[in-house]
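# Survey of secondary and tertiary structure
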Amino acid sequence: MSQLLSAFRHAALPAAAQAFRAEVREFLRSSWTPPAPQVRARSWMGFDADFSRKLAQRGWVGVTLPRAYGGASLDAFSRFVLVEELLAAGAPVGAHWIADRQSGPLILKFGTEEQRRFYLPKICAAEAFFCIGMSEPNAGSDLASVGSRAVRAEGGWRLNGRKIWTTNAHHSHYMIALVRTSGEPADRQKGLSQFIVDLKLPGITIRPIRDLAGDAHFNEVFFDNVLLPDDALVGEEGAGWAQVNAELAFERSGPERIYSSIVLLEHWIACLRGTPEAARHAETIGRLATHLATLRGMSIAVTTKLVQGESPVVEAALVKDIGTTFEQSIPVIVEAAVGADPANPPDADLLQAVAYLAQVAPTFSLRGGTREILRGMIARGLGLR
Ligand SMILES: Cc1cc2nc3c(=O)[nH]c(=O)nc-3n(C[C@H](O)[C@H](O)[C@H](O)COP(=O)(O)OP(=O)(O)OC[C@H]3O[C@@H](n4cnc5c(N)ncnc54)[C@H](O)[C@@H]3O)c2cc1C
């Protein structure tokens, strides 16, 4: 058996995390009125600051951050359960999502004590929302060719450049931006640094980009001579590449990469339940359930490695690649099933949810690193490159 496959050791969620699941379900039942399936299908794109604040009041934003900074000091298993339940319900998690998953852990790991004390309690209270400024028009898959530049100036750093595809920049308080502080884009990974950019600073323009489904959740962000204070630098100057890779490991390893179409699948099953057509689709639904269970098991195996302090970068890439293929298959399968039976007009909510997901599903394998890039990483893990 290859080294990569043997790296997936069967793992189960501990009892404490399973018990936590009941608490999350009860919170959702008592504190949130689920909207129509086509709204819930937006799951982690859904932006609702009030919902995030309610979650924060329960201590569930920044769950893995230490109590000393306002977090819940829970482990990655509890976060897995929380994320799984929120996504399965289609709860609007977009407001706090990025800070919870990436920016908070990044500041905890690489930030100064002052930065931790300033930002982490705000993240845990859902008072500070973050966005990720990695991609640029010429730096997406080839992230090392970032060209935005910060140069030393009196009182801090002068930032010029442009970011693109920045999810929720228009709603966020801060961006963690990867920019060049020395050398040229041709120098690749060398000379990159990360800054916490206060998006209210003069010189910043945020322009929404409308997507195929009519939503405007990502943006272009322009920096025109923006003066960043000295303490905006996160971690070491020039160490941005290593830091960003640690951050991407958080981004790729959770259950987030399996559940984007789950509301649609659940609603389709709900529509079929008790109808004469149900038997016709039983095999398809059984196959999807088997794929989901296997992927979930792989994702729990990755989480177990994270809890043990390992860095399962290649395993996480594999889960993301197969997981996004699974997420993308659901709208295709449901659309075909709904269209195959003209005698039974489909439920209107089902039709809207499938129409939405069919349009956005291509993005599932783009965000967080494209399929081809992940496969390159997996090939390297197998010793093929
Ligand atoms: C919904 C959504 C939200 C996003 N949110 C954010 C965000 O908040 N912040 C942020 O910074 N970015 C964000 N992104 C950007 C995302 O990370 C990039 O789109 C992604 O990294 C791909 O980069 P690109 O678009 O420049 O494509 P390119 O890098 O130009 O790639 C185009 C195609 O070429 C292929 N390709 C490129 N290089 C290779 C290679 N070496 N070998 C084989 N094939 C290759 C790619 O796989 C892809 O199919 C988001 C994207 C989406 C779709």
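Residues numbered from 1 in each chain as written. Predicted model: local features only at pLDDT ≥ 70, side-chain atom pairs only at ≥ 80, totals over all residues. Heavy atoms only, no water.

## As for the overall build of the protein
- Helix and strand counts for the protein come out as 13 helices and eight strands.
- For 385 residues, the compact-globule estimate of 2.2 N^0.38 gives 21 Å, and the protein sits close to it at 21 Å.
- Dimensions of the protein along its principal axes, counting C-alpha atoms only, are 75 × 50 × 40 Å.
- Evaluated residue by residue, the protein yields a buried proportion of 53% over its 385 residues.
- Sequence separation of at least 24 residues holds for 75% of the intrachain contacts in the protein that already meet a minimum separation of 6.
- Per element, the accessible surface of the protein, about 16900 Å² overall, is 55% carbon and sulfur.
- One way to put it: in the protein the 40 positive side-chain charges average out to a point 2 Å from where the 40 negative ones average out. (Helix = DSSP H or I, 4+ residues; strand = E, 2+ residues; numbered from the N terminus. Rg over C-alpha atoms; globule rule 2.2 N^0.38 Å. Buried < 20%, exposed > 50% of the residue type's maximum accessible area, 1.4 Å probe, protein only. Contact = heavy atoms within 4.5 Å. Areas by Shrake-Rupley, 256 points an atom, 1.4 Å probe, with all protein chains shown as cover. Lys, Arg positive; Asp, Glu negative; His and termini not counted. Charge placed at Lys NZ, Arg CZ, Asp CG, Glu CD.)

## Concerning the environment of alanine 95
- Positionally, alanine 95 belongs in the loop between helix H5 (76-89) and helix H6 (97-110).
- In the structure, alanine 95 is positioned 127 residues away from phenylalanine 222 in sequence and 22 Å away in space, judged by C-alpha atoms.
- What alanine 95 contacts, discounting residues up to four positions off in sequence, is Gly46, Phe47, Asp48, Ala49, Ser52 and Phe129.

## Remarks on the UniProt feature "domain: Acyl-CoA dehydrogenase/oxidase N-terminal" (unreviewed entry) in the protein
- Look at the UniProt record and you will see "domain: Acyl-CoA dehydrogenase/oxidase N-terminal" (unreviewed entry) annotated at residues 17-127.
- Counted over residues 17-127, helix gives 61% and strand 0%. Its end C-alpha atoms are 26 Å apart. (UniProt positions renumbered as here; feature names shortened; annotations may be inferred.)

## A few points about the UniProt feature "domain: Acyl-CoA oxidase/dehydrogenase middle" (unreviewed entry) in the protein
- The sites that UniProt annotates as "domain: Acyl-CoA oxidase/dehydrogenase middle" (unreviewed entry) are residues 131-226.
- Taken end to end, residues 131-226 has its terminal C-alpha atoms 17 Å apart, with 0% of it in helix and 48% in strand.

## Here we look at the packing of helix H2 (residues 15-31) against helix H4 (residues 49-57)
- Orientation of H2 relative to H4, taken along the N-to-C sense of each, is 135 degrees, at an axis distance of 12 Å. On the basis of the axis angle, H2 is oblique to H4. Between H2 and H4 lies a crossing of right-handed hand. On H4, the residues that touch Phe27, Leu28 and Ser31 of H2 are Phe51, Lys54 and Leu55.
- A per-class count over the contact of H2 with H4 returns four nonpolar, one polar and one charged. (Axes fitted to C-alpha atoms, helices over the stretch in contact; angles between N-to-C directions. Parallel < 35°, antiparallel > 145°, perpendicular 65-115°, else oblique. Left-handed = near helix turned anticlockwise from the far one by under 90°. Nonpolar A, V, L, I, M, F, W, Y, C, P; charged D, E, K, R; others polar.)

## Digging into the domain arrangement of the protein
- Partitioning the protein into domains gives domain 1 (1-128), domain 2 (132-240) and domain 3 (252-382).
- Relative to domain 3, the C-alpha centre of domain 2 lies at a distance of 31 Å.
- Buried surface at the junction of domain 2 and domain 3, both sides included, amounts to about 380 Å², of which 59% is carbon and sulfur.
- If you sort the residues of domain 2 by the area they bury against domain 3, Ser141, Leu212 and Ala213 come out on top, with a joint share of 79%.
- For the pair domain 2 and domain 3, the number of links is zero salt bridges.
- Counting across the domain 2 and domain 3 interface gives zero residue pairs in polar contact (both at pLDDT 80 or more). (Domains from an automatic or database assignment. Buried area = accessible area lost by both parts, 1.4 Å probe. Salt bridge = Lys/Arg side-chain N within 4 Å of Asp/Glu carboxyl O. Polar contact = N/O pair within 3.5 Å; in protein donor to acceptor, adjacent residues only side chain to side chain.)

## Considerations on the pattern of salt bridges
- Counted under the stated rule, the structure contains 23 salt bridges.
- As a salt-bridge pair, arginine 116 and glutamate 113 come within 2.9 Å of each other at their nearest N and O atoms. Of this pair, arginine 116 and glutamate 113 both sit in helix H7 (residues 113-124), three residues apart, which is roughly one turn of the helix.
- A salt bridge links arginine 152 to aspartate 230, with the shortest nitrogen-to-oxygen separation between them at 2.8 Å. Remark: aspartate 230 occurs in the loop between strand E7 (218-229) and strand E8 (233-234) and arginine 152 occurs in strand E2 (residues 149-153); sequence separation between them is 78 residues.
- By sharing partners, the salt bridges in this structure join Arg21, Arg25, Glu84, Glu85 and Arg296 into a single network.

## Quick word on the packing of aromatic side chains
- Per the stated rule, a full pass over the model turns up 12 aromatic pairs.
- Between phenylalanine 118 and tyrosine 119, the aromatic rings sit 4.8 Å apart at their centres with planes inclined by 90 degrees, giving edge-to-face as the arrangement.
- The partly exposed category is assigned to phenylalanine 118, whose relative accessible area is 40%.
- One aromatic cluster is present, built from ring pairs that chain together Phe20, Phe27, Trp32, Phe51 and Trp60. (Phe/Tyr/Trp six-rings, centres within 6.5 Å; stacked < 30°, edge-to-face > 60°.)

## Concerning the site of the ligand
- If you check the shell around the ligand, you find 16 residues, and the closest are Ser141, Trp165, Thr167, Thr370 and Glu372.
- Separating an oxygen atom of the ligand from a backbone N or O atom of methionine 134 is a distance of 3.0 Å.
- Within the contact set of the ligand, an oxygen atom lies 2.7 Å away from a side-chain nitrogen or oxygen of serine 141.
- Its free accessible area being 980 Å², the ligand has 64% of it covered by the protein chains.
- Considering only residue class, the shell around the ligand consists of six nonpolar, eight polar and two charged.
- Mapped onto the domain boundaries, the shell around the ligand takes at least three residues apiece from domain 2 (132-240) and domain 3 (252-382). (Near = heavy atom within 4 Å.)

## Observations regarding the pairing of E2
- In this sheet, strand E3 (residues 156-164) lies alongside E2 in antiparallel orientation, the contact comprising five bridges. Within E3, the position partnered with alanine 153 by the bridge is glycine 156.
- Counting the residues between successive antiparallel strands, the hairpin from E2 to E3 contains two residues, one of them, glycine 155, with a positive phi of roughly 85 degrees. (Pairing = 2+ DSSP bridges.)

## Focus on empty space enclosed by the protein
- Tallied over the entire structure, the rule returns one cavity of 30 Å³ or more.
- Considered as a void within the structure, the largest cavity measures approximately 60 Å³ in volume.
- Around the largest cavity, the lining residues are Trp60, Arg79, Leu82, Val83, Leu86, His96, Trp97 and Asp100.
- Of all the secondary structure elements, the ones that give two or more residues to the lining of the largest cavity are H5 and H6.
- If you tally residues by element for the lining of the largest cavity, the top one is H5, at four residues.
- Here the residues of the lining of the largest cavity sort into five nonpolar, one polar and two charged. (1 Å grid on protein atoms, 1.4 Å probe; cavity = no way out; pocket = protein on both sides within 12 Å on 5 of 7 lines; lining within 4 Å. Points joined across faces, edges and corners; volume = space filled by probe spheres on them.)

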